[in-house]
Amino acid sequence: MFTPLVKLAGKLRRGALASAELQALAQAIDAVVSIDSRNRITFFNAAAEKLWGYRRDEVLGRNVSLLVPSDIRPVHDSLINRNRDTGVDRIVGTRREIRIERKDGSTFWGSMSLSKVRLGKKITYTAFIRDVSADVQLREERHLLSLVAHETDNAVIICDGNMQIQFVNRGFTTLFGYQLEEVRGKRPAHLLAGPETDRETLERVSQAALRPESIYEELLLYGKQGDATWVSTVVNPTIGKDGRLQHSISVLTNISETKQLQLLQDSILEAVACGLPVSEVAERICLQVERIAPDVIASVVRIDKEGCIRPLAAPSLPDSYIQLLDGLPIGPNVGSCGTAAFRGTPVIVSQIDTDPLWADYKHLALPLGLQACWSIPIKARDGRVVGTFALYYRKQARPSQFQHRIIDACVYLYALALEREEANARILTLALYDELTGLPNRWFLREKLDQAIARTRERGSQMAFLFLDLDRFKHINDSLGHPIGDRLLQVVAQRLKQHAQQDWILGRFGGDEFVLVLPDCGAERAGSEVERLLACMVEPVRIDDHTITTSVSIGISLFPHDGDDIDTLFKHADMAMYQAKSAGRGTFRFFSHDLNRRAQDRLTLETALRVAISTRQLTLHYQPQVRLGDGSLYGVEALARWQHPAHGTISPAQFVPLAEECGLGDALGEWALDEACSQLSHWRRLRLPVPSVSVNLSPRHFRSIKLVELVSDTLRRHGLSACDLRLELTEGAMLDTRSETRATLAAIRALGIQLAMDDFGTGYSSLSQLGQLAIDELKIDRGFIHQLEESARARTLASGVIRIGTGLNLTLVAEGVETEYQRRFLEEHGCQIVQGYLLARPLPPEQLEAWISEREALTAARQPSAA
Ligand SMILES: Nc1nc2c(ncn2[C@@H]2O[C@H](COP(=O)(O)OP(=O)(O)OP(=O)(O)O)[C@@H](O)[C@H]2O)c(=O)[nH]1
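Note that the structure is a prediction, hence the values are computed from the model and not measured.

Moving on to the environment of phenylalanine 588. Position of phenylalanine 588 among the secondary structure elements: in strand S22 (residues 588-590). A relative accessible area of 4% means that phenylalanine 588 is categorised as buried. Separated by 54 residues in the primary sequence, phenylalanine 588 and leucine 534 have C-alpha atoms spaced 8.3 Å apart. Beyond its immediate chain neighbours, meaning those up to four positions away, phenylalanine 588 contacts Gly527, Val530, Glu531, Leu534, Ile554, Ile556, Ala580 and Ala599.

Encoded structure:
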């Protein structure tokens, strides 16, 4: 369609004007390309040669598609022909930018205008092209730059040399709420500073614009609505040739979330570093998380060793909810926390209402408006799940990206707090406890003793210091080895622990030395406790294949008697311990000579008592109990007597408590029961009219249900029935609230055996309690009876007891009746039975037999003869 340039040139050549025009075209600074009606190149000027890199002779006569980019080349002919065929000019007569491909394959942008010449039926085209690559590139760059300025989330501020705002982008408007028109000409520092903005940093940022280098700062700035936002600020100045500031470009990035997270981390780390308890750290975490993420409710729970949930902090959840969680065992379907702890992986429940994990618990959460809950396990360094951190939501939701970051930080920090607490506990244990035995070490012991001494001093009480040293321990180490020695020390520590009462202070002093301190303990009790200790220490110990028999030597000092401070008391207990070693080991010594002598006496007595029980040196005497009404015999009370071959008669007041203290109480009671029944059975065979016998038992007996079997067995063996026996017990046993004691008392009564309360009035029971006690007989203490004559108060009390006892259908027995006055008083006031020297002392069996026979003879003589 292009007019062939050769023909055109021929025609032009015909005229000078035509020649001049052609030359002008050839020299034009724009590239000129003409094509004929078959799209062949007919004209290609010098500028075109330069632009495309082709020489004229290389292109003339060739299809013009040679000059277009290769991707358009196949369709180029059809594009031109469409114009020829349709006559619709879309390109002709316009200027447009086109991409052009050079000979070397590179492309450039040209601005092209196209003219169309119709010569007869043929249409030719001439294109005028200018290289606009630089313009296009510049425009492209500008476009990209504007994208940077407008399409970024960051706020961009451009100021002039006077630091007055010239431009702000859309990011600025989004972040601070101001439009460009509102802020143009204002200074950013004035516009965005607020109450909490750090003025020094702001000043630094403002000054930075005047210097040639850029600056990075973090600032709290305020928007149009007064809302504060943490931003990071980068300021870049542009300086003119004259060295003066031309513009400053500030890019502000919203770092509120990062900053909040950082503040949260700082605050929790500070709490951890200060050693706050983990529960307080947990509370702080929850409160701060709720502050920066107001749509969540945070909670932290601990998982205890048994695998149960123990709430630690949940400041925004009601106590009632927390209490319901407390103690819940973790499991595969236990809400979000129980399941997360069980699985060891995070659990996201976005709909509590329908999630099967909450099926059993949703009734607790839904009424509180809790709709969703995300829980993540907190793990210790060794991988153990030690807790969970949970976020509850009031709407069905999943955690946002920010909340993810919060949780990651909190879980890490909380694990850190736990680790620190565990490490502290370990350090404390190492510092205060002996590693081998787990007992308090010497230092901790001192601290405890300091406090114990202060308390005892305040109370004006006493305290016993026991210094224990294993006997010949070196020999065990040497013969069996140190490891066995260690295990023996552990066994000894264990025994001491088991033996020690709750308020005792126990520790390992070092090596094979232990210390035991007994608060509120005098010499008497210390002596008996030490005897028990020594007895439990000699039990053989089995370690591996060895059976080791060991013993300890114990030294005792007493506060305040033997020393007023720890060092003196230790020193004296240590000295006493050496005396125990010298005395043959396996024994104890008091520091005080006097106490040693008394302890020795006691020990002697105790040994003798053991012998007395086993050799039947003890005997029973029987004191008659007589009915006041008709003078008939009601029964006899069996009373123990000890006739020592060397020491003579030893009073029951002395040996009965001793028997109790040194563990002979049971043996003594069993002996008395058997002996009394045996005696009664003997009298029955002699047809001596003794209606019944009373036996005294200690409160300890009634604590064991075995007593019931013992009693019925004894009765059976001696051919007696329940009504032949009466058991006397003290108020203490009666008032014992232990279930074992109550059961034993009930079972004994159920056998038909009568129970008598001995020494009524000396203990703590009140008259009002009498009705509730399961007894048949009340024995009025001799203390009351003694004073009847001289004390009106005693008379009032005795008559009161008799009245109430009778009212309760109890048999009243008065003990210690010695005078006629007393007998008469008791009779007048309705007491049924009396016992005392007035009638008879406690008598050996044969004397009692004589006493009964005598009384029978007397009674018979008084009665008129039937004849
Ligand atoms: N296995 C073991 N032995 C220890 C430990 N500490 C100290 N010993 C040993 O305990 C022994 C203490 O001996 P001593 O109390 O002086 O003497 P002993 O052989 O017990 O004789 P007596 O005390 O006089 O009856 C020494 O042999 C120490 O080496 C320990 O932790 N483990």
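With that settled, consider the packing of aromatic side chains. Across all of its chains, the model carries 13 aromatic pairs by this definition. For the pair tryptophan 52 and phenylalanine 108, a centre-to-centre distance of 6.3 Å together with 70 degrees between the ring planes defines the contact as edge-to-face. Pair noted here: tryptophan 52 is in helix H3 (residues 46-52) and phenylalanine 108 is in strand S4 (residues 107-119), with a separation of 56 residues, a long-range link. Geometrically, the ring pair formed by phenylalanine 172 and phenylalanine 176 is tilted, given 5.1 Å between the ring centres and 50 degrees between the ring planes.

Attention now moves to the site of the ligand. Residues in close proximity to the ligand total 16 residues, the closest being Arg472, Lys474, Asn477, Asp486 and Lys581. Residue phenylalanine 473 places a main-chain N or O atom 2.9 Å away from an oxygen atom belonging to the ligand. Within the complex, the protein chains bury 67% of what would otherwise be the 660 Å² of accessible surface of the ligand. Mapped by element, the contributors of at least two residues to the shell around the ligand are strand S16 (463-470), helix H18 (473-480) and helix H19 (482-499). Looking at which element gives the most residues to the shell around the ligand, the answer is H19, with 4 residues.

Our focus in this paragraph is the pattern of salt bridges. Enumeration according to the criterion identifies 41 salt bridges in this entry. The closest approach of N and O atoms between arginine 487 and aspartate 544, which form a salt bridge, is 3.2 Å. Here arginine 487, found in helix H19, pairs with aspartate 544, found in the loop between strand S19 (541-543) and strand S20 (546-548); they are 57 residues apart in sequence, far enough to count as distant. Aspartate 674 serves as the salt-bridge partner of arginine 717, at 2.9 Å between the closest nitrogen and oxygen. Separated by 43 residues along the polypeptide, arginine 717 in helix H26 (residues 706-717) and aspartate 674 in helix H24 (residues 665-685) bring together distant segments of the chain. Taken together, the shared-partner salt bridges connect Arg55, Asp57, Glu58 and Lys103 into one network.

One way to put it is that H24 packs onto H26 with a least axis distance of 9 Å and a crossing angle of 30 degrees. Accordingly, the angle class assigned to the pair H24 and H26 is roughly parallel. Both H24 and H26 take part in a crossing whose hand is right-handed. Where H24 abuts H26, its residues Glu670, Leu673, Asp674 and Cys677 lie against Leu710, Val711, Thr714, Leu715 and Arg717. Among the residues making up the contact of H24 with H26, the classes are represented as 5 nonpolar, 1 polar and 3 charged.

A few words on helix H12 (residues 278-292). In this model H12 runs 21 Å from its N-terminal to its C-terminal C-alpha over 15 residues, within 8% of the 21 Å that 1.5 Å per residue would give. Where H12 is buried, its residues touch helix H11 (256-273), strand S11 (296-303), strand S12 (309-313), strand S15 (385-393) and helix H16 (401-432).

This part is about the sheet that holds S11. Reading across from one edge, S12-S11-S15-S14-S13 is the order of the 5 strands in this open sheet, with antiparallel pairing throughout. Of all the strands in the sheet, the pair left with one neighbour each is S12 and strand S13 (347-349). Averaged over all neighbouring strand pairs, the angle between strand axes comes to 25 degrees, with direction disregarded. Alignment of S13 against strand S14 (residues 372-379), held across 3 bridges, turns out to be antiparallel. Bridging across to S14, valine 349 finds its partner in cysteine 373. The strands that H16 touches are S11, S12, S14 and S15; relative to S14, the one it contacts most, it runs at about 35 degrees.

Criteria and cut-off values
- Residues numbered from 1 in each chain as written.
- Predicted model: local features only at pLDDT ≥ 70, side-chain atom pairs only at ≥ 80, totals over all residues.
- Heavy atoms only, no water.
- Helix = DSSP H or I, 4+ residues; strand = E, 2+ residues; numbered from the N terminus.
- Buried < 20%, exposed > 50% of the residue type's maximum accessible area, 1.4 Å probe, protein only.
- Contact = heavy atoms within 4.5 Å.
- Phe/Tyr/Trp six-rings, centres within 6.5 Å; stacked < 30°, edge-to-face > 60°.
- Near = heavy atom within 4 Å.
- Polar contact = N/O pair within 3.5 Å; in protein donor to acceptor, adjacent residues only side chain to side chain.
- Areas by Shrake-Rupley, 256 points an atom, 1.4 Å probe, with all protein chains shown as cover.
- Salt bridge = Lys/Arg side-chain N within 4 Å of Asp/Glu carboxyl O.
- Axes fitted to C-alpha atoms, helices over the stretch in contact; angles between N-to-C directions.
- Parallel < 35°, antiparallel > 145°, perpendicular 65-115°, else oblique.
- Left-handed = near helix turned anticlockwise from the far one by under 90°.
- Nonpolar A, V, L, I, M, F, W, Y, C, P; charged D, E, K, R; others polar.
- Expected span 1.5 Å × (residues − 1).
- Pairing = 2+ DSSP bridges.

Honestly, it's all geometry; don't read function into it.
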